[in-house]
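# Observations on the model geometry
Listed below are the residues making up each chain.
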Amino acid sequence: MDAVTFFKEKQRMTKECTIKCYKCPLSYEKNEKGLACSILERYYPEKAVEIIENWSKKHPIKTRQSEFLKLYPKAALKDGVLAINPCELDSDIKCFEEDKTCYPCRKRYWLEEA
């Protein structure tokens, strides 16, 4: 896990540190070292990364696309993104980009976290 992914996943896991500490896998109660998360990260970074990697594997990011594919697993993909233009599903949706190929719109819409 690279540093950027670590921080993004930590932010997602802790809901920007708004969850109660006792619920957090990095907490002194759960991190197997009995240390506050900031100290754990400083002195045992490998352990902090391991904790966040394990949490991430158990809690994959849910996107509109991943949720749609649960219902329609054989839906067509184009370049890894659903081949359905968002504006075809909702008339209130306008193009996100100047590029009229629709790919940027589809990518932004379908890969947005649900």
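Residues numbered from 1 in each chain as written. Predicted model: local features only at pLDDT ≥ 70, side-chain atom pairs only at ≥ 80, totals over all residues. Heavy atoms only, no water.

## Things to note about the side chain of N31
Quick reminder of the rule: Every helix listed is a DSSP run of H or I at least four residues long, and every strand listed is a run of E at least two residues long, numbered separately from the N terminus. Each residue is placed in one exposure class: buried if its accessible area under a 1.4 Å probe, protein chains only, is under 20% of its type's maximum, exposed if it is over 50%, and partly exposed if it falls in between. Polar contact is defined as a pair of N or O atoms within 3.5 Å, subject to the rule that within protein one atom must be able to donate a hydrogen and the other to accept it, and that residues adjacent in sequence are counted only when both atoms are side-chain atoms. Note on definitions: a residue-residue contact is assigned when non-hydrogen atoms from the two residues lie within 4.5 Å.
Residue position: N31 is located in the loop between α1 (3-14) and α2 (37-43). With a relative accessible area of 0%, N31 lands in the buried category. Here the side chain of N31 touches L35 through a polar contact of 2.6 Å, landing on its backbone oxygen. In contact with N31, not counting residues within four places along its chain, are P25, L26, L40, K47 and I51.

## Focus: the packing of α1 against helix α3 (residues 45-58)
Between two packed helices, what matters for the description is the angle formed by their axes and the separation of those axes. To keep things clear, this is the line we draw: Axes, fitted as lines to C-alpha atoms, cover a helix only where it is in contact. Angles between the N-to-C directions of the axes lie from 0 to 180 degrees. Two helices that cross are described as forming a left-handed crossing if the nearer one is turned anticlockwise from the farther one by less than a right angle, and a right-handed crossing if clockwise. Note on residue classes: Ala, Val, Leu, Ile, Met, Phe, Trp, Tyr, Cys and Pro are nonpolar, Asp, Glu, Lys and Arg are charged, and everything else, Gly too, is polar.
For the pair α1 and α3, the least separation of the axes is 10 Å and the interaxial angle reads 65 degrees. Pair α1 / α3 crosses with left-handed handedness. Residue-level inspection shows F6, E9, K10, R12 and M13 of α1 in contact with α3, the latter providing A48, V49, I52, W55 and S56. Partitioning the contact of α1 with α3 into residue classes produces six nonpolar, one polar and three charged.

## A closer look at α3
What counts, and what does not: To estimate how far a helix should extend, the number of its residues minus one is multiplied by 1.5 Å.
In this model α3 runs 20 Å from its N-terminal to its C-terminal C-alpha over 14 residues, within 8% of the 20 Å that 1.5 Å per residue would give. Looking at the packing, one finds that the buried side of α3 touches α1 and α2.

## Some remarks on the pattern of salt bridges
Basically, it comes down to this: Between Lys or Arg on one side and Asp or Glu on the other, a salt bridge is scored when a side-chain nitrogen of the former is within 4 Å of a carboxyl oxygen of the latter.
Applying the stated criterion across every chain yields a total of six salt bridges. In this structure, K47 engages E50 in a salt bridge whose closest nitrogen and oxygen atoms are separated by 3.5 Å. On the criterion of helical spacing, the pair formed by K47 and E50 is a turn pair, its members being three residues apart in helix α3. Note on K47: relative accessible area 14%, which makes it buried. For E50, a relative accessible area of 36% translates into the label partly exposed. The closest approach of N and O atoms between E112 and R64, which form a salt bridge, is 3.4 Å. Here the residue E112 occupies a position in the segment after α6 (103-110), and R64 occupies one in helix α4 (residues 64-71), the gap between them amounting to 48 residues. Judged by relative accessible area, R64 falls into the partly exposed class, the value being 29%. Each of the salt bridges in this network shares a partner with another, and the network as a whole consists of E32, K47 and E50.

## Details of the nonpolar core
Here is the rule: For the purposes of this section, nonpolar cores are sets of buried Ala, Val, Leu, Ile, Met, Phe, Trp, Tyr and Cys residues that join through side-chain atoms within 4.5 Å.
One finds F6, M13, C24, L26, L40, A48, I51, I52 and W55 forming the largest nonpolar core, which totals nine residues. For this core, the secondary structure elements donating two or more residues are α1 and α3. The greatest single-element share of this core, amounting to four residues, is contributed by α3. With residues up to four places along the chain from it excluded, the contact list for C24 reads M13, T14, I19 and K30. V81, L82, Y109 and W110 belong to the second largest nonpolar core, which has six residues in total.

Read these as layout, nothing more, since geometry by itself doesn't imply function.
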